[in-house]
Amino acid sequence: MILKLSPDIVLAPSTLEAVAVRKATSSIPIVCPALADPVHLGLIASEARPGGNVTGIEPYVAGLPTKQIELAREIVPNARRVGLLTNLADPKGPPQMGDLRGACRTLGLTVVEADASSPDDISAALGTLAREQVDVVVVRQTSFLLFSSERIAAFAREERLPTVFGYREHVAMGGLVSYGVDLRWCYRRAAYFADKILKGTRPGDLPIEFPSRFWLAVNLGTAKLLGRQLPTPLLTRADEVIE
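Residues numbered from 1 in each chain as written. Predicted model: local features only at pLDDT ≥ 70, side-chain atom pairs only at ≥ 80, totals over all residues. Heavy atoms only, no water.

Student: I'd like a rundown of the sheet that holds strand S6 (residues 136–139), residues and numbers included.
Tutor: Spatial ordering of the open sheet is given by S5-S4-S6-S7-S8-S9-S10, a layout of seven strands whose pairing is mixed. Each edge of the open sheet is held by one strand with a lone partner, namely strand S5 (110–115) and strand S10 (240–242). Across the sheet, the mean angle separating the axes of adjacent strands is 20° when strand polarity is ignored. In this sheet, S5 lies alongside strand S4 (residues 81–86) in parallel orientation, the contact comprising six bridges. If you follow Gly-83 over to S5, its bridge partner there is Val-112. Its contacts with the sheet put helix H4 (residues 119–131) on S4, S5 and S6, and the angle it makes with S5 is roughly 165°. (Pairing = 2+ DSSP bridges. Helix = DSSP H or I, 4+ residues; strand = E, 2+ residues; numbered from the N terminus. Axes fitted to C-alpha atoms, helices over the stretch in contact; angles between N-to-C directions. Contact = heavy atoms within 4.5 Å.)

Structure below.
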């Protein structure tokens, strides 16, 4: 294991890795650029004062899933049935669901949920949403679903399902639209934490940070394959348009 090398810092790419490393050490500093629900998981005492050996950036921001539902309605104005592709085994998954369900209730939308927590689940979960004839699919922000970007995008194109994501990497792999945290910023920002720790600051004294800016990405090639004309205001405000 990497801890046998006695590193000065461990960079844990996501919450699952941070949990595993924290179980193995309470002394070596751990920096995580995508740290979800850390208080509930016992990784930190509080976001303002983590207090232990873990710190980093929380990619989940309350209210963001609501914006993704609004985006889904923007690209499919007559949508009545919204499919949610979930990954509840990931700590980033469950906190997002309350916002999503609440936003759908407010807009009078019917919610159809399908969970995928292993590679074998992807096709079955997406097949469920297709059979339920959802109008649009919103994919949760989790590491596993991010790693499955290409499969999800290919299925959505085949079934002609408009799909909204939280990470722009999904859109780069053929997804339609994404709005959420820019993971590239999160990982660059992790260098700030590493620098502070190497200069003597204890990780427990470095407050958890939250991204303050969100990234809107659009794939015009996918829109064409789906036969979708995306609204001009959406294209105008997009941070990234993939041809």
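Student: Mind laying out the packing of aromatic side chains, listing which residues take part and the relevant values?
Tutor: A complete count under the given rule lists two aromatic pairs for this structure. On the basis of an interplanar angle of 55° and a centroid distance of 5.9 Å, the ring pair of Tyr-179 and Phe-214 is categorised as tilted. In this pair, Tyr-179 sits in strand S8 (residues 177–181) while Phe-214 sits in strand S9 (residues 214–219), placing the two residues 35 residues apart along the sequence. Judged by relative accessible area, Tyr-179 falls into the partly exposed class, the value being 22%. Exposure remark for Phe-214: the relative accessible area of 22% places this residue in the partly exposed category. Pairing Tyr-192 with Phe-193 gives two aromatic rings, centres 5.2 Å apart and planes at 80°, and the pair type is edge-to-face. Taking the relative accessible area as the measure of exposure, Phe-193 reaches 1% and is therefore buried. Above the ring of Trp-215, the side-chain terminus of Arg-184 is found at 4.8 Å from the ring centroid. The ring centre of Tyr-192 lies 3.9 Å from the NZ or CZ of Arg-189, which sits over that ring. (Phe/Tyr/Trp six-rings, centres within 6.5 Å; stacked < 30°, edge-to-face > 60°. Buried < 20%, exposed > 50% of the residue type's maximum accessible area, 1.4 Å probe, protein only. Lys NZ or Arg CZ within 6 Å of the ring centre and 35° of its normal.)

Student: Before we move on, can you summarise the pattern of salt bridges with the specific residues and values?
Tutor: In this structure the tally under the stated criterion is twelve salt bridges. As a salt-bridge pair, Glu-74 and Arg-237 come within 2.5 Å of each other at their nearest N and O atoms. With Glu-74 in helix H2 (residues 64–75) and Arg-237 in helix H10 (residues 232–237), this residue pair connects regions lying 163 residues apart in the sequence. Note on Glu-74: relative accessible area 23%, which makes it partly exposed. (Salt bridge = Lys/Arg side-chain N within 4 Å of Asp/Glu carboxyl O.)

Student: Give a detailed account of helix H8 (residues 183–198), specifying residues and quantitative values.
Tutor: Between its first and last C-alpha atoms H8 spans 23 Å; for 16 residues at 1.5 Å apiece the expected length is 22 Å, and the two agree. All of the buried residues along H8 are Leu-183, Cys-186, Ala-190, Phe-193 and Ile-197. Angularly, the buried residues of H8 cover 60° about the axis, an arc narrow enough to put them on a single face. Counted as exposed and oriented over 90 degrees from the buried face of H8: Arg-188 and Leu-198. (Expected span 1.5 Å × (residues − 1). Arc of directions from axis to C-beta.)

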